[in-house]
Amino acid sequence: MEKRKLQWHPAFGAALRITLKDEMEFLEMQEEYLLSKKPPQIDILIVKKLRNRPIKKAIGKIFRQHNIIEYKAPGDYLSINDFYKVYGYTCFYQSNTDRIKEIDPEELTITFACSRYPREMLKHLTEVRGIHAENRDKGIYYLIGDAIPMQLLITQELTQEENFWLKNLRMDLKAGREIQNIVAKYEQNRHSKDYAAVMDLITRANWKEMEADRKMCDALRELFAEELKEENEKGMERGIHLAKLIFKLSAQGSSDEEIAEKCDLPLEQVREILE
């Protein structure tokens, strides 16, 4: 498989939408939200459409109206500089408006999401800022001691039940039952672009394990073959419709050139169909 840089952020955004799918009609989510016409930019911004409506999923209970999210891909770590960068972006986001307090500072939250517990960053926050981490749920830590509500999500520690796709957005999946379970869940939702984006990234990030599992490879081929078959069937339907139109125009006395122009097709293709 061609080696190329894995794009984790779009898949994380997709997994986040899947996780919050029951609430998404009440949320507006923008990825790589630009703070100005040029970078810097926020990884993900989630704005609640209904300010007072609580989020049921554990990762969203902290949310207020404006929620800034910083995501670190597997293998990356959350540093002290990352904390201050995101904190600064949040302050800039609040202040970069036409009116004073157009965005209420009390309606801001910050979420840091990463795969490893950032001990150095948390040690610094405790010693220098008086901010400490408090475990609220599996993989969810609230950072207590600042005016802006903040939380830390350790994606590998999150519950499978509520955060299946966020938790499995990894590059260390095991061949066998673990990967087969992911493919089975994807198959149930394979028509969704978000599920497809997450599954594509997971597949490329764990290709060796998937390739090693022959049954898994067969399942993937069968899955994608079915999708290809569906596309071919759609193409056949479009082709039949187009052929009928060509025959109709020809019967009405249109020349081959006129038919080609009306159907936006090469002249040779029109003649082949008529033949």
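Everything here concerns the structure above.
Rules of the game
Residues numbered from 1 in each chain as written. Predicted model: local features only at pLDDT ≥ 70, side-chain atom pairs only at ≥ 80, totals over all residues. Heavy atoms only, no water. Buried < 20%, exposed > 50% of the residue type's maximum accessible area, 1.4 Å probe, protein only. Helix = DSSP H or I, 4+ residues; strand = E, 2+ residues; numbered from the N terminus. Pairing = 2+ DSSP bridges. Phe/Tyr/Trp six-rings, centres within 6.5 Å; stacked < 30°, edge-to-face > 60°. Lys NZ or Arg CZ within 6 Å of the ring centre and 35° of its normal. Axes fitted to C-alpha atoms, helices over the stretch in contact; angles between N-to-C directions.

> I tried to follow the pairing of strand 7 (residues 150-154) on my own but got confused; where do I start?
The two faces of the sheet receive side chains in turn, since in a regular strand these alternate between them. Of all the five residues making up strand 7, five are buried; the element is thus mostly covered by neighbouring parts of the structure. Where burial is concerned, the two faces of strand 7 agree: the one with Met150, Leu152 and Ile154 and the one with Gln151 and Leu153 are both buried. Relative to strand 7, strand 4 (residues 108-114) is paired through five bridges, and the arrangement is parallel. Of the residues in strand 7, the one forming a bridge with Thr111 is Gln151. As paired strands, strand 6 (residues 140-144) and strand 7 are joined by four bridges and run antiparallel to one another. Following the sheet pairing, Tyr142 is matched in strand 7 by Gln151. Here strand 6 hands over to strand 7 after five residues, with Gly145 in that stretch at a positive phi of 125°.

> What's the story with the packing of aromatic side chains in this structure? I'm lost.
Ring pairs (aromatic) are described by centroid distance and by the angle formed between their planes. Enumeration over the complete set of coordinates arrives at eight aromatic pairs. Here Trp165 and Tyr195 contribute two aromatic rings whose centre-to-centre distance is 5.7 Å and whose plane-to-plane angle is 90°, an arrangement assigned as edge-to-face. With a gap of 30 residues between them, Trp165 in helix 4 (residues 160-167) and Tyr195 in helix 6 (residues 193-205) connect regions that are remote in the sequence. The residues Trp165 and Tyr195 share a single accessibility class, namely buried. Taken together, the aromatic side chains of Phe83, Tyr84, Tyr87 and Phe112 make up a single cluster linked through ring pairs. Its guanidinium or amino end placed over the ring of Phe26, Arg53 lies 3.7 Å from that ring's centre, counting from NZ or CZ.

> Could you clarify how one ought to interpret the sheet that holds strand 3 (residues 66-71) in this entry?
Backbone hydrogen bonds hold the strands of a sheet together, and the pairing may be parallel or antiparallel. Taken in spatial order, the seven strands of this open sheet run 1-2-3-4-7-6-5, and their pairing is mixed. Edge positions in the sheet fall to strand 1 (27-34) and strand 5 (132-137), since each of these pairs with one other strand and no more. The sheet shows a mean angle of 25° between the axes of neighbouring strands, taken without regard to direction. Both strand 2 (residues 41-48) and strand 3 contribute to a ladder of four bridges, which runs antiparallel.

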